[in-house]
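Residues per chain, in single letters:
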Amino acid sequence: MSDTSHEDEGRARGAWTPITARDINGGPDPDRHVPFVITAPGQYALAEDVAWVARDAGARAITIASDDVTLDLRGRTLRQVNHPAPVVDPGSGAAPGRGEVVSGNVGIFADGRRRLAIKNGSVASVQGVGIVVKDCRHVDLLDLAVRRCGGDGVIDTSFLRRNGGIFVMGTKDAGGNVTFASDVRMINCVCSENTSRLDFVVTLGALVLFCDNVEVRRCVFNHTANTSAQPSGVQFNVVGVDFVICRNVLVEDCEAHDNTSGGEPAGFFAWGENYKFLRCRANRNFTLTGNRACGFNISTTSNLEMVECEADGNYNANPAASADAVRDFSALGFRIGRAVHRGLLERCRAIGNHSVGVNAPAGGFALHSTTQVVLKGCAAIGNRNASGAAQNGGLAAGFLASAPLPDPEGGFVGGEENAFIDCIADGTTVDRIPLFVQPPAPPVDAGLSRGDPQKAAGFLLDGQQDARIVGCQAANNHGKGIWLRACRRALIEGNTLSRNTLSGVHDEDPRGPSAFAGNVAHLNGSRHRDNYVGLPAGTPVRKWTLGSPPLASPADRLDNVSIRLP
C-alpha cells in the first residue's frame, strides 16, 4: 500500500487528489466540510504548505472517513496557526490552560478505518495532538515529523487526558472491554518538542494504546516536556513513546532522549504482553523537581525481550525525590517492574544514571517485583546516588532487585527466580566528585558530595528468593560488590569481585540458606581483608596472599578464593 511502486502507479494514472490550504480552511463554500473530510478510497496529496486556522477548540484539520486511503504530505507541513481558547470543565473552577482542560485540536484524524497510510511530511503546532488514528487496522505511519504539539489542548484516551505528537489507539468501553487497534507500522518518524504546561495531563511524543501487532522502527521521540508536577492519576506525565496495554510489539533502532518533566519523565514506557526492544536508546531523560526519572520503564508486562539497548545519563535533581508511598527509585537507566513476568535483557548497558534523592535508590538496572527475569551480558557503569544520607533510602546500585509492590493478599509481588549472568557492575558510587564540567551542566552535577558507602553496591538483591548471580564482575564500587539483604536460596557462583571499598560479597540478614561457589574476591574492603562478609558457616574459602603462590589445597573449583595484600 505504501511502497514506491504503488505511488508511481497512482501518479501515472493521475489518481492523486490534491488537498490545498483553501480546502482545509473551508474554501469559499460555507457548506463545505470543515474540517476537510476524505470520504472515498484513493490517494490524496498535500498540494502546498498549510497554515491551518482552527474554527474552535475541538476542530480537526483533516479527517479520514474512508477505508483504503493514502495521504501523502509530499514533504510539506500542516501547521496550526491559531490556538482557540480551550474548553474548561465547568465544575472545576480552573483557569483555562491549567489542569481541567477538556478540549483539543487534531491535525489529522481517523476513526474505525482500515488500510490507511499517512506519510512523508510534517504536522506542527497543533493545540492537542498532531495525528490521531483510533480503532483502525492496517495502518502505516511513514516518514513523518510531528513537532511542537500539545500546548493547552487534550484528548480523552479512555482513562486519561493526554496530548502530544502521534497517537494510535484502540478503545475501552465503560465495562472495561478493550477493542484493539491492530497491524500498525510507524517507521522513520520523528516526534520532537511536543510540550505542555497542563496539570493532570500526560504529554507524549507518541502514544500506542490498546494495540496489537505493532512495529516501530527507526523513530525518534525527543524533547517532550511538561512543566507540571501533577500527573493524571499515574506516575509518569511525560514519556517519549508510551506503549499502554499492547501486545505483540517490536521496537527497533529507536531513541527517546532529553524528555523532561516537572513530575516524572521516561524515555520509553511499556505495559502489556510480548514486547521486543532491539538496539533502542533512552538517554538524558530527567526531572529537576519530580519523584522519578528513567530511560526505560517496563511495567506489568509478560514476555519481554531487550537486546543491545542503552540508557545513559538519565537523572533526577530533586533531593526529596520519591518521598511517596512506594519509594522504589529516584533515577534509573532501566526500570523493569512492577510485576514483570518472564524477561530477557541481553547486552544492554546503563552508564552514568544518577540522582541526589535521599529517599529512594538510583542506579543502572532495577528489577521491581519481577519474576523470572534474566539479565545476560549487561553492563552498569558509573551509576550513582549523591544524596550522602546514611539514615535514609538513598541507595546506589549498578543492578538492583527488590520487591516493593505489596500483594493485597499479604507479602510482596514477585522477587523470585531472577538472574544476572555475565554482567558487569563498575564504579557505582554514593559520592559526587565533579570532573571537568562547564555550564550548562545539570544541577545534579553541581558541587562536591560525600556519601556513605554502606548505601552502595554493584549488585544489590533485596528480599529475593531463588536468585542467581553467575559469572559476573563487580569492581571499583564505592561500597559492596555483591550485597544480599534478607534473601534466601540465592546462588552466587563464578563471580569476580575486585577493589570494592567495603566488601566483595556481603550476605546480610539471610532469610534462608544461599550457596556461594567458585567466586574470586581480591583487594576488597579495609586493608583488602573484607572479601567475604556474612557467608554461611562452613562455606569453603581458600585464602592466599597476593604475590605468593596459593596454598596447596585438595579443594575443587567450587571453592571460593580470597586474595589479600601481604
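Look up a bit, the structure's there.
Because the structure is predicted, anything quoted here is derived from the model rather than measured.

Student: Is there a simple way to think about the overall build of the protein chain in this case?
Tutor: The helix and strand inventory of the protein chain stands at 2 helices and 54 strands. A globule of 566 residues ought to have a C-alpha radius of gyration of about 24 Å, and the protein chain, at 26 Å, matches this closely. Overall, the protein chain is about 95 × 50 × 50 Å in size when its C-alpha atoms are taken along their principal axes. With 566 residues in all, the protein chain has 56% of them scored as buried. Residue pairs at least 24 apart in sequence account for 74% of intrachain contacts in the protein chain once pairs closer than 6 positions are excluded. When the accessible area of the protein chain is evaluated, it comes to approximately 21,200 Å², of which 50% is carbon and sulfur surface. Side chains of the protein chain carry 55 positive and 59 negative charges; the gap between the two charge centres is 4 Å.

Student: Looking at this model, I keep getting lost on the sheet that holds strand S25 (residues 260–261). Mind explaining?
Tutor: Hydrogen bonds between backbone atoms are what pair the strands of a sheet, whose relative direction is either parallel or antiparallel. Reading across from one edge, S18-S22-S25-S27-S31-S35-S39 is the order of the 7 strands in this open sheet, with parallel pairing throughout. The open sheet terminates on both sides in strands that have one partner only, identified here as strand S18 (195–196) and strand S39 (384–385). Pairing between strand S22 (residues 225–226) and S25: 2 bridges, direction parallel. In the sheet register, Asn226 faces S25, and the bridge partner there is Ser261.

Student: Help me understand the side chain of Glu346, please; the structure alone is not making it clear to me.
Tutor: Secondary-structure assignment places Glu346 in strand S33 (residues 341–346). Here the side chain of Glu346 touches Arg347 through a polar contact of 3.2 Å, side chain to side chain. Not counting residues up to four positions away in its chain, the partners in contact with Glu346 are Met306, Val307, Glu308, Lys376 and Cys378.

Student: How should unusual backbone geometry be read in this particular structure?
Tutor: Backbone phi values are negative for most residues with the exception of glycine, while trans is the configuration of most peptide bonds. The peptide bond linking Gly337 to Arg338 adopts the cis configuration, its omega dihedral lying at 15°. Looking at where Arg338 falls in the secondary structure, it is placed in the loop between strand S32 (331–336) and S33. Of note, the phi angle at Asp143 is positive, near 55°, even though the residue is not glycine. Along the chain, Asp143 turns up in strand S11 (residues 137–147). Here Arg284, not a glycine, exhibits a phi torsion of approximately 60°, which is positive. Position of Arg284 relative to the elements: it lies in the loop between strand S26 (265–278) and strand S27 (286–287). The exposure class assigned to Arg284 is partly exposed, which follows from its relative accessible area of 40%.

Conventions we followed
- Residues numbered from 1 in each chain as written.
- Predicted model: local features only at pLDDT ≥ 70, side-chain atom pairs only at ≥ 80, totals over all residues.
- Heavy atoms only, no water.
- Helix = DSSP H or I, 4+ residues; strand = E, 2+ residues; numbered from the N terminus.
- Rg over C-alpha atoms; globule rule 2.2 N^0.38 Å.
- Buried < 20%, exposed > 50% of the residue type's maximum accessible area, 1.4 Å probe, protein only.
- Contact = heavy atoms within 4.5 Å.
- Areas by Shrake-Rupley, 256 points an atom, 1.4 Å probe, with all protein chains shown as cover.
- Lys, Arg positive; Asp, Glu negative; His and termini not counted.
- Charge placed at Lys NZ, Arg CZ, Asp CG, Glu CD.
- Pairing = 2+ DSSP bridges.
- Polar contact = N/O pair within 3.5 Å; in protein donor to acceptor, adjacent residues only side chain to side chain.

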